[in-house]
Amino acid sequence: CTVIFTRLATRDLHKPISILFCNLAVSDLFTSFSGFWIAMLFITNPDITVFGSKDMLAPYALYTTSILSTVYNLVSIGVERYLAVAESMRTRFRLARNHSIAVVFINWVLAFFLGCLPLMGWNCLHAERSISVLYSPFCVNYLLFIAFPNCVLAFIVPLFTYLRIIIILRKRKLRMKACGQATGTYKSAEIQVARTSISIWLLALVSYAPFFAGVIFDATNRRCHADLYPGVYIFRNCTAMLITINCLGNPVLYTLKLRTLGAKLKALRCLSAKGARACTI
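All chains use their own residue numbering, which begins from 1 and follows the written sequence. Whole-chain, interface and lining totals are the exception, using all residues; otherwise, since this is a predicted model, local features are given only for residues with pLDDT of at least 70 and side-chain atom pairs are given and counted only at 80 or more. Side-chain calculation: all heavy atoms of the structure are included, whereas hydrogens and water are not.

Going by what an unreviewed UniProt entry lists, the protein is known as LPAR3 protein and is assigned to Climacteris rufus. UniProt positions are given in the numbering used here, feature names are shortened, and annotations may be inferred rather than shown by experiment. Its UniProt record gives the protein a comment under Sequence similarities (unreviewed entry), which states: "Belongs to the G-protein coupled receptor 1 family." Under the UniProt heading Subcellular location (unreviewed entry), the note attached to the protein is "Cell membrane".

1. Section: the layout of surface pockets
Its volume calculated, the second largest pocket comes out at about 340 Å³. Cavities and pockets were defined on a 1 Å grid built over protein atoms only: a cavity is a set of grid points that admits a 1.4 Å probe from which the probe cannot escape, a pocket is an open set flanked by protein on both sides within 12 Å along at least five of seven lines, and lining residues are those with an atom within 4 Å of any such point. Around the second largest pocket, the lining comprises 19 residues; the ones closest to its centre are Gly35, Ile38, Ala39, Asn237 and Ala240. For the lining of the second largest pocket, the secondary-structure elements that each account for two or more residues are α2 (16-44), α4 (57-86) and α9 (231-254). Charged residues are taken to be Asp, Glu, Lys and Arg, nonpolar residues to be Ala, Val, Leu, Ile, Met, Phe, Trp, Tyr, Cys and Pro, and polar residues to be all remaining types, Gly included. Its residues assigned to classes, the lining of the second largest pocket comprises 11 nonpolar, 7 polar and 1 charged. Grid points are joined across faces, edges and corners, and a volume is the space filled by probe spheres set on the points. Counting from the N terminus, the helices are DSSP H or I runs at least four residues long and the strands are E runs at least two residues long.

2. Comments concerning the nonpolar core
Only buried Ala, Val, Leu, Ile, Met, Phe, Trp, Tyr and Cys residues count toward a nonpolar core, and they belong to the same one when joined by side-chain atoms within 4.5 Å. The rule is simple: take the accessible area with a 1.4 Å probe, protein chains only, and divide by the maximum for that residue type; under 20% is buried, over 50% is exposed, in between is partly exposed. Counting 32 residues, the largest nonpolar core has Tyr135, Phe138 and Tyr142 as the members making the most contacts within it. Looking at this core, the elements with two or more residues in it are α2, α3 (46-51), α4, α5 (89-115), α6 (140-178), α7 (184-220) and α9. Among the elements that line this core, the one with the most residues is α4, at 7 residues. When neighbours within four sequence positions are excluded, tyrosine 142 is seen to be in contact with Thr64, Leu114, Gly115, Leu117, Pro118 and Trp122. By size, the runner-up hydrophobic cluster in this structure holds 15 residues, among which are Phe21, Leu24, Ile168 and Ile200. Throughout, a residue-residue contact means that at least one pair of heavy atoms, one from each residue, lies within 4.5 Å.

3. Quick word on the side chain of serine 76
Topologically, serine 76 is positioned in helix α4. Given the relative accessible area of 13%, serine 76 is considered buried. A distance of 3.1 Å separates a polar atom in the side chain of serine 76 from a polar atom in the side chain of asparagine 107. Aside from chain neighbours lying at most four places away, what touches serine 76 is Leu20, Val103 and Asn107. Nitrogen and oxygen atoms within 3.5 Å of one another constitute a polar contact, given that in protein one can donate a hydrogen and the other can accept it, and given that sequence-neighbouring residues count only through two side-chain atoms.

4. Some thoughts on the side chain of serine 207
Following the sequence through the fold, serine 207 ends up in helix α7. Within the local environment of serine 207, its side chain forms a polar contact with the backbone oxygen of leucine 242, the two atoms lying 3.4 Å apart. Ignoring any residue separated from it by four or fewer positions in sequence, one finds serine 207 in contact with Thr239, Leu242, Ile243 and Asn246.

5. Things to note about a nonpolar patch on the surface
Taken together, the side chains of Phe36, Met40, Phe42 and Ile43 define a hydrophobic patch exposed on the protein surface, amounting to about 410 Å² of accessible area. Structurally, isoleucine 43 can be placed in helix α2. Residue isoleucine 43 is classed as exposed on the basis of its relative accessible area, which comes to 60%. Exposure above 30% relative accessible area and no salt bridge define the residues that can form patches, which grow by joining like charges within 9 Å and nonpolar side chains of Val, Leu, Ile, Met, Phe, Trp and Tyr within 5 Å. Methods summary: accessible areas were calculated by the Shrake-Rupley approach with a probe of 1.4 Å, and residue burial reflects only the protein chains presented. Here, a salt bridge means any Lys or Arg side-chain nitrogen found within 4 Å of an Asp or Glu carboxyl oxygen.

6. Details of the packing of aromatic side chains
Each Phe, Tyr or Trp ring (for Trp, its six-membered ring) is paired with any other whose centre lies within 6.5 Å, and the angle between the two planes then decides the class: stacked below 30 degrees, edge-to-face above 60, tilted in between. Here the structure, examined in full by the defined rule, presents 10 aromatic pairs. The interplanar angle of 70° and the centroid separation of 5.3 Å between the aromatic rings of tryptophan 122 and tyrosine 142 together place this pair among those described as edge-to-face. Within this pair, whereas tryptophan 122 is found in the loop between α5 and α6, its partner tyrosine 142 is found in helix α6, the two being separated by 20 residues in sequence. Residue classification places tryptophan 122 among the partly exposed positions, given a relative accessible area of 30%. Taking relative accessible area as the criterion, tyrosine 142 reaches 0% and is therefore assigned buried.

7. Things to note about unusual backbone geometry
Of note, the bond from serine 136 into proline 137 is cis; its omega dihedral lies within 30 degrees of zero at 10°. By the element assignment, proline 137 lies in the loop between α5 and α6.

8. Notes on the packing of helix α1 (residues 2-9) against α2
Axes here refer to lines fitted to C-alpha atoms; in helices the fit is confined to the stretch in contact. Angles between the N-to-C directions go from 0 to 180 degrees. Taken N-terminus to C-terminus, the directions of α1 and α2 make an angle of 155°; their axes are 9 Å apart at the nearest point. Between α1 and α2, the angle falls in the class roughly antiparallel. Between α1 and α2 lies a crossing of left-handed hand. Judged by residue contacts, Val3, Ile4, Arg7 and Leu8 of α1 engage Ser18, Phe21, Cys22, Ala25, Val26 and Leu29 from α2. A class-by-class count of the residues in the contact of α1 with α2 yields 8 nonpolar, 1 polar and 1 charged. Comment on the angle field: the value is read as roughly parallel under 35 degrees, roughly antiparallel over 145, roughly perpendicular from 65 to 115, and oblique elsewhere. Less than a right angle of anticlockwise turn of the near helix away from the far helix marks a crossing as left-handed, whereas a clockwise turn marks it as right-handed.

9. A word on the confidence of the model for the protein
Across the chain, each position has a pLDDT score giving the predictor's confidence in that residue, from 0 to 100. Summarising the model, the protein shows a mean pLDDT of 75, and 75% of its residues fall at 70 or more. pLDDT under 50 marks residues 88-93. Its contacts with residues more than four places away, or in other chains, come to 3 contacts.

See below:
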């Protein structure tokens with residue numbers, strides 16, 4: 001919420017990449033909200049989160065939608081950063097903002113469509129044979145359909161984009177060095193991009209790999225729910241906690257650079273106290 005408020009209230013942050021950052025925060029907020037919803041259902045009626053119920057379809061669908069939106073946003077941010085480095089400044093500034101709005105719209109439409117397929121009928125309320133033991137009443141084939149292509153998308157596309165950014169920056173640095181010009185800016189940018197990309201990969205790997213492993217376990221397991229209780233469901237809850245940690249880590253990596261955020265919030269307080277003309281953000 002702090003990220004969303006800061007992005008919307010600060011004029012100099014109304015840039016194309018800021019649209020994607022703000023949308024990523026909205027996706028993380030939806031993930032946290034749907035996770036809280038599932039947790040409350042577990043507290044009030046634990047059996048429906050273990051054995052499945054029609055009441056779990058809506059919170060699980062929202063949870064899946066928010067996770068998919070987060071994945072698509074992370075991929076979009078990587079692509080935008082690559083285009084920002086590869087293309088000219090004029091082209092980027094004129095076109096990228098409209099593109100960012102279109103990408104946000106497409107991301108949510110795709111995430112809602114794929115995430116709400118169980119609400120449209122692709123569920124296992126009346127098909128016990130292919131039911132998931134971890135996410136009942138979802139079907140195993142639906143989880144495989146969602147997990148495999150999106151995991152490939154989440155890992156392959158950012159890998160390509162960030163590696164290409166590092167290569168472009170290094171080539172420009174070497175070109176400027178050959179001409180006898182200063183290369184400190186490109187060297188600093190290269191180091192920052194490398195650190196950020198490594199952090200993204202580690203956070204995504206730690207957060208989503210256990211969930212992917214759980215889907216594979218679902219596909220290969222043939223035992224009933226009672227035989228797996230409670231160890232497997234403890235593992236499921238841990239994967240949900242890791243996904244929440246990813247929601248907390250995204251603002252730190254992309255937006256909440258603490259000193260910058262503190263300066264922005266201080267400027268916003270100055271605006272409210274002295275008026276817009278007394279303090280320029």
